[in-house]
Structures are given as C-alpha cells and as structure tokens.
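# Analysis of the macromolecular model
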Amino acid sequence: MGLLAAVLVALNALWDAYGLMTGQMRPSTVSLFVNVVATLFVIAVLNETARRFFRRALSSDTLLFLTVSLSVASAVFGLDLLQPLLSVIAHPVWFAGQGNDWDVTILPHLPKLPIVWDKDALRGFYTGLATFERWDVLKGWMPALLWWGAFLLLLGFAMLSLCLLFLRDWTERARLSYPIAQIPLELLTPRLPLLRQKVFWAGFSLAAFMNLLNGLHFLYPNIPSMGGWLFDLSPFFPNLPLSAIGWTPITLLPFGVGLGFLMPVDLTLSCWVFYLVWKAERVLAAMTGWWGLPRFPYAEEQQFGAYACWALLALMPKLSAGVQALKRVRVQACKGERVQGYLQESAVQQLAAVNSPFSRFAPSDENFAVLGFLICFIGLVALCVWQGMSWWLALMFFAGYFLISVGITRIRAQLGSPVHDLHFAGPDRMLLFVFGSKNLSKRDLCFLTIFGGFNRAYRGHPMPHMLEGMWMAKKLRDEGRGTRGEDAMAVTWAAKASGWGWLLGYAFGVWALLRASFQFGGRPWYGMEVFRQLDTYLHAPTSFGLASLAAILWGGAQTALLATLHNRFNFPLHPAGFVVSGSWSMNLFWVSLFVAWLLKASLIRWGGLAMHRQAMPFFMGLVVGDYLMGSFWSLWGCWQKRPAYNFLP
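The model shown is predicted, which means the values in this text are computed figures rather than measured ones.

### Comments concerning the overall build of the protein chain
What the protein chain contains, in helices and strands, is 23 helices and 2 strands. C-alpha extents for the protein chain along the principal axes are approximately 85 × 65 × 60 Å. The buried share of the protein chain, reckoned over its 649 residues, is 59%. Once local pairs closer than 6 in sequence are excluded, the contacts in the protein chain between residues at least 24 apart make up 83%. Accessible surface computed for the protein chain: about 26700 Å², of which carbon and sulfur atoms make up 66%.

### With respect to the packing of aromatic side chains
Following the criterion strictly, the structure yields 56 aromatic pairs and no others. Aromatic side chains Phe255 and Tyr627 sit 5.7 Å apart centroid to centroid with 50° between the ring planes, which places their arrangement in the tilted category. Taken together, the residues span a long stretch of sequence, with Phe255 in helix H10 (residues 254-262) and Tyr627 in helix H23 (residues 586-640) at a distance of 372 residues. Of the residues examined, Phe255 reaches a relative accessible area of 0% and is grouped as buried. Taken together, a centroid distance of 5.4 Å and an interplanar angle of 65° make the contact between Phe451 and Phe454 edge-to-face. Both residues of the pair, Phe451 and Phe454, count as buried. Here Lys119 stacks its cationic end above the ring of Trp94, 5.8 Å away from the centre of that ring.

### A few points about the state of the cysteines
The tally for this structure, following the rule as stated, stands at 0 disulfides. Cys163 takes part in no disulfide bond, and the closest cysteine sulfur, belonging to Cys376, lies 12 Å away. Residue classification places Cys163 among the buried residues on the basis of a relative accessible area of 1%. Take Cys309: it sits in no disulfide, and the sulfur closest to it among the cysteines is that of Cys271, at 17 Å.

### Some words on helix H16 (residues 427-435)
A large share of H16 lies buried, amounting to 8 of its 9 residues. Listed as buried for H16 are Pro427, Asp428, Arg429, Met430, Leu431, Leu432, Phe433 and Val434. Immediately beyond the C-terminal end of H16, within one or two residues, lies Gly436, with a positive phi of roughly 85°.

### Describing unusual backbone geometry
In this model, Leu240 is joined to Pro241 through a cis peptide bond whose omega is 5°. Within the fold, Pro241 resides in the loop between strand S1 (231-232) and strand S2 (249-250). Residue Leu129 is not a glycine yet carries a positive backbone phi of 55°. Counting through the fold element by element, Leu129 comes out in the loop between helix H6 (119-127) and helix H7 (135-173). For Leu129, a relative accessible area of 81% gives the class exposed.

### Regarding a nonpolar patch on the surface
Side chains of Trp229, Phe231, Phe236, Phe237 and Leu242 sit close together on the surface and give an oily, nonpolar patch of about 510 Å² of accessible area. Tracing the backbone through its elements, the reader meets Phe237 in the loop between S1 and S2. Taking the relative accessible area as the measure of exposure, Phe237 reaches 31% and is therefore partly exposed.

### With respect to the packing of helix H1 (residues 2-22) against H23
The interhelical angle for the contact between H1 and H23, taken along N-to-C directions, is 70°, at an axis separation of 9 Å. What the angle tells us is that H1 and H23 run roughly perpendicular. Here the hand of the crossing between H1 and H23 comes out left-handed. Of the residues in H23, those in contact with Trp15, Tyr18, Gly19 and Thr22 of H1 are Ser631, Ser634, Leu635, Gly637 and Cys638. A breakdown of the residues in the contact of H1 with H23 according to their chemical character gives 4 nonpolar, 5 polar and no charged.

### Things to note about the nonpolar core
In terms of nonpolar packing, the biggest core is built from 207 residues, with Trp141, Phe151, Phe398 and Phe402 touching the most fellow members. In terms of residue count, the dominant contributor to this core is H23 (21 residues). Setting aside anything within four residues of it in sequence, one finds Phe151 in contact with Leu380, Leu383, Cys384, Phe398, Phe451 and Phe454.

### Topic: the pattern of salt bridges
If you walk through the whole model with that rule in mind, you get 9 salt bridges. With a shortest N-O distance of 2.9 Å, Glu133 and Arg515 are connected by a salt bridge. With a gap of 382 residues between them, Glu133 in the loop between H6 and H7 and Arg515 in helix H19 (residues 487-520) connect regions that are remote in the sequence. Its relative accessible area of 35% is what places Arg515 among the partly exposed residues. Note that Glu172 and Lys474 form a salt bridge whose closest N and O atoms lie 3.6 Å from each other.

### Some points on the environment of Met21
Of note, Met21 is situated in helix H1. Once residues lying within four places of it in the same chain are set aside, the contact partners of Met21 are Leu513, Ala516, Ser517, Phe520, Gly521 and Arg523.

### A look at the packing of H1 against helix H3 (residues 60-76)
The contact between H1 and H3 brings their axes to 10 Å, and the two run at 35°. You can see that H1 and H3 cross each other, and the crossing is right-handed. Of the residues in H3, those touching H1 at Gly2, Leu4, Ala5, Leu8, Val9 and Asn12 are Phe65, Leu66, Ser69, Leu70 and Ala73. In terms of residue class, the contact of H1 with H3 is built from 8 nonpolar, 3 polar and no charged.

### Section: helix H17 (residues 442-451)
With 8 of its 10 residues buried, H17 lies for the most part within the structure. Every buried residue of H17 is listed here: Asp444, Leu445, Cys446, Phe447, Leu448, Thr449, Ile450 and Phe451.

### What about the confidence of the model for the protein chain?
Predicted confidence across the protein chain gives a mean pLDDT of 89, with 92% of residues reaching 70 or more. Low confidence marks residues 337-363, where pLDDT is under 50. Its contacts with residues over four positions away, or in another chain, come to 46 contacts.

### A look at the side chain of Thr22
Note that Thr22 resides in helix H1. Excluding anything up to four places from it in sequence, Thr22 contacts Phe520, Gly637, Cys638, Lys641, Arg642 and Pro643.

### A look at the environment of Gly499
Mapped onto the secondary structure, Gly499 falls in helix H19. Since its relative accessible area comes to 9%, Gly499 is described here as buried.

### Quick look at the environment of Leu194
The topology assignment puts Leu194 in the loop between helix H8 (182-188) and helix H9 (198-219). Residues Leu194 and Ala5 lie 189 residues apart in sequence; the distance between their C-alpha atoms is 24 Å. Not counting residues within four places of it along the chain, the set of residues in contact with Leu194 comprises Glu186, Phe200, Pro617 and Met620.

### As for the side chain of Ser161
Residue position: Ser161 is located in helix H7. By relative accessible area, Ser161 is classed as buried at 8%. The residues touching Ser161, leaving out its near neighbours within four places in the chain, are Ala369, Gly372 and Phe373.

Basis of the calculations
- Residues numbered from 1 in each chain as written.
- Predicted model: local features only at pLDDT ≥ 70, side-chain atom pairs only at ≥ 80, totals over all residues.
- Heavy atoms only, no water.
- Helix = DSSP H or I, 4+ residues; strand = E, 2+ residues; numbered from the N terminus.
- Buried < 20%, exposed > 50% of the residue type's maximum accessible area, 1.4 Å probe, protein only.
- Contact = heavy atoms within 4.5 Å.
- Areas by Shrake-Rupley, 256 points an atom, 1.4 Å probe, with all protein chains shown as cover.
- Phe/Tyr/Trp six-rings, centres within 6.5 Å; stacked < 30°, edge-to-face > 60°.
- Lys NZ or Arg CZ within 6 Å of the ring centre and 35° of its normal.
- Disulfide = S-S within 2.5 Å.
- Patch = residues over 30% accessible without salt bridge, like charges linked within 9 Å, V, L, I, M, F, W, Y side chains within 5 Å.
- Salt bridge = Lys/Arg side-chain N within 4 Å of Asp/Glu carboxyl O.
- Axes fitted to C-alpha atoms, helices over the stretch in contact; angles between N-to-C directions.
- Parallel < 35°, antiparallel > 145°, perpendicular 65-115°, else oblique.
- Left-handed = near helix turned anticlockwise from the far one by under 90°.
- Nonpolar A, V, L, I, M, F, W, Y, C, P; charged D, E, K, R; others polar.
- Core = buried A, V, L, I, M, F, W, Y, C linked by side-chain atoms within 4.5 Å.
- pLDDT = per-residue confidence, 0-100.

Below is the structure:
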C-alpha cells in the first residue's frame, strides 16, 4: 500500500512539475485538487472493474489511504508550497550582482542553511538542458533541502496535531458537513453507486463536452467554444470613481457551479454579495478621496484580520473548555481535595476530558495532539532562532500562520469554499506592514522574505486535506465500509496516510521540480517577487504601520459582528463569505457561485430537499467531468511540451 502510494505521488509530482514548465493548468488552485479527483476516479473505475470480473479489488481502507496521502502530497509539492519555495531559496545567490547590489545589501544578512549558496549548483537550475543527479549539484543543494525538510516536517506534524485536536469537536459536537470531501467519499464507496445514476452522467457529459470543445478551440480557433474565457467589465468604466473596481471578470465554470452547489446556500449567497461589497468599497474610496492613500482600502490586512478572527471564533469552544477546566482544578486545589488523577493528569488532560460525553475518542488522544503541536511549534521557533531570527518575531509569525491554518480548515470543514487563497496576506507580509522595515533587523527582513515562499497564497493548504481524510475514514467506519473497531482506529489510519503523504510529497516534489527545472530552466518569478520587495524596503524603509494595524482590527471586527448577527439574529449573510470573498481568486468564481446559489435556492424552494438530493449527482458530475477532461488536456500538453487548454483560469 505504501509502495502504491509512493508510485502515485511520484507520477503526480512529475505531472505537476512538468505542467509548470510547459504552461499547463495548475491542479492545486482550487480546494478540491484536480489531479487527486482524476487519479481517484480512474483507480476507482479500474478497481470496480477488477471486482466485477476478477473478484479481487482494493478495499475502501486502501483507497482511502491512497486518496489522503495523494491529497496531502499534492498540497506539499503544489503551487503554493514547494514550487515557490524552491524558486525563493535559489534566487538571491544566482541574481546577486546582476544590475543590483545584493551582494552587499542582502547576501551578508541571509541565514546560512535555508539558502542555496553554491552558484555552480544553481547554473543548471536556471539555464536548463542539464541534470541535477550529479554529486556536485546535490552537494550544493543538500544543506538547504535538509534544513527545509526538517522545517516542513515540523510544520506538517503540527498541522496533523491540530487536526487531531479539533476533529472530535468539529465532527461530532458541531456536526460539520465537509462539503469538499463529498465527491472523494462517493468515489471511495464500494460498487460506486454515484456512477450508476444517469443524472451523474448527464452532468459529467455536459462538462466534459464543454471542456473538450474549448480545448479544441484553443488548438484550432476556427472551432467554436462554449465559454472558457473571461469577459472583463472594467473597460466599460474608464473613469473614476467607477474605474476603481479594477479587474472584474465574468466567467461561468462548470466545475465552479458544481462545487458551489455542494456548499450551503447562505455561503454561496454571501460569497457573491460580499464580493460586490468589496468592489463597492473601492468605488466609495475613490469617491471620498481615500483612494490616494497607499494600498487603500488595505484589503490584504482586512482579509488577514478576518481569517484570524474566524479562527479565534472556531477556537472559542476549546478555549472556554480550557478555562473551565483550569478553574475546576484551581477550586479543587484550594479546597485541599485529593482528586484521583489530579497528580497524574495535566491541565491539558482535564481540558480534553470536558467534552468526553460527545465522543468515543479517549481524552489521551487530545493530550497527545496538544503535546505534539507544542513540540512542533517550539521546534519551528528553535530552528529559526538557530539561524538568526528574533525569537519574538518567530513566535508571532507562527502564531499568525497557524491561526490562518485553523481558519482555512474550519471554512473547508463547515462550508466548503472552493477557494481560500489569501494572496499576499500571510503573516510574513502583515508583520512587515505593521512593524515597518525600519524597526526590524535585516536578518529578520530576510527571514520574512524567505517565508514568502510558502505564504504567497493558501489555495492548496495541506491542513484541510488532513482533517477531511480523518472525517472520510470515520464516515466509512460508521457506515461499515472501512476500518473495523473504534473511531480512533479509523482516525489513526487517516493520520498515518497524511504523514506518509507529507513525507512523499516533499521527497518526490523536490525530485520532480528539480528534474523539470534542470531540463527546462527554473521559473524565477516567485523569487523575483519577494526579493525585489526586500530590495525596495532596504532602500526605502517604512515605519510603524498604524493604518495596517487598524485595517487588521477592522477586518476582525467585521467578522465578529457578522458572526453575531448570523448566529443570534439569523442574518442571511454568513461571515465566512466575507472572509473568503476579498481575495484574488473570488474574481474567477463569483459568477459561478451566483449561478449555483440561484439553482440551489430555486430547487429547495420549489422542489424541496428531495429534489435537491436528486439533483446533487448532476452537479457532482459537472465537477468530475470538467476535471477529467481538463486533466486530459494537461497531460496532452505535457506530452507535447506545449501549452494546452487551461480550464482553471
């Protein structure tokens, strides 16, 4: 099983890496990864064929292990983690001195281990037509790859620990629906009942035909297309204040409609409404004269504050349980009572026991998760401090990073948003915007710059895939189609798959990306993006950003207000819609989500929940059909070494 997972991860890593070099679609730009669904669909069909004709087939547990490990691995070697990270750690040494003074202003302040310092080892990475399977090249890359391997190992297992910590509360107590995981779960079901429904194949055929026609139109423009292009509204508003709306594309994506139909109605409504609110905010800023301020209306800061507040709201039940447990321990200690287990259990164990009536998981599972997260968190801080980063900045950075991770994971588990990119709004940028480059050491500025390699965006964040894998394992066990025994066994199985996928994703991701880069020539734009910004801040230092801090707090306050209105007064707009709608990717999905909302609300209104359930396979078919045909074009383009039709705009 582990060997089969390794083969699948290696093949998908090569697919993604060569797709990057040849200009194909990027499978990890949406919440439900394209390559994972396409691979799982093919394996599930072959597995069912073997079951029918040869009476032998892979079990649901095996398919689950392959799915979870491939999902986590794809997040690691995907668009927003390893791909930009390798470009960032290779960039400063190679480009220093080429029309800049980086050898004086930047190189002396860079940490030693996280950067590739051997310029000869970088030559083939940027020039191409070379091989990296040589000792002199490997020796130059090895120190940086080992350091980042240890760093990402701690980062991944910290996420895994958080998933174990929140799984019980979010699955059994809050009963979240995990909309994104519904399609993989259907493909894991024995005998594939989804594929036996005609309405599924209707949606599949429609989406696949549209994708096929658009792909042929891309190759032969005389062939007509069906959508697949972006119609920008901004040219119709050439003058202020309406021109402040910026790029506003209109496009209808079949898979976007399908994913939107899986979401709750209030979230699809909230996404497109708040998207228009963000556009209106820009127009009002231009009307009132605030548009002249740098980066107004500070959308990135507001987004960060919204995500942080959303994460804190998700953490509130756990924090409240902790406070109550500590109060109980204090009262017992003050009374002098000798409580059995008090001398053996920590306060964390008592915290975990508070919610024990809601679950069959043992409190010790949560104790292990808390301890694991703390060890990984301290290890991450120690690794950075060892290389010269200020301890207080490392603490703030990782606190912000894991807040964002929890917020994204909660959004996926509860509402299933198809995008959660948060472009250029990670803790690396926020710390720089708030404190100002003038108040940070050059070594700290270099660290924040390097961290931009895995904080550029969060479209393919790994943590939601870990939690969804655990939920699918528990769902299969509850329905008698997975691991026998207690829930803990199913969760442990999915956790092992996540850990194995993380290790494989890093190992094969590095191998595939370096192999493709040495063949075609590496893509320097990710490194160029962050180090040009660093160069700007070094030559034009910024001071404390009071406006940025106020925007972060304002974004959090809006989220808290919307959560209160939604939960207590049944306000129709959901705070998560505000959280995800202000970033770049929502430009591409707002029309599809509007159509999904209109269709779903109409079906429920006029046909009831019964008609909604009957229509669900059709919209799942839209997703799978679009993904399968889009994967075909991507693989064809990799084979031909030329760009093919990209259905992910």
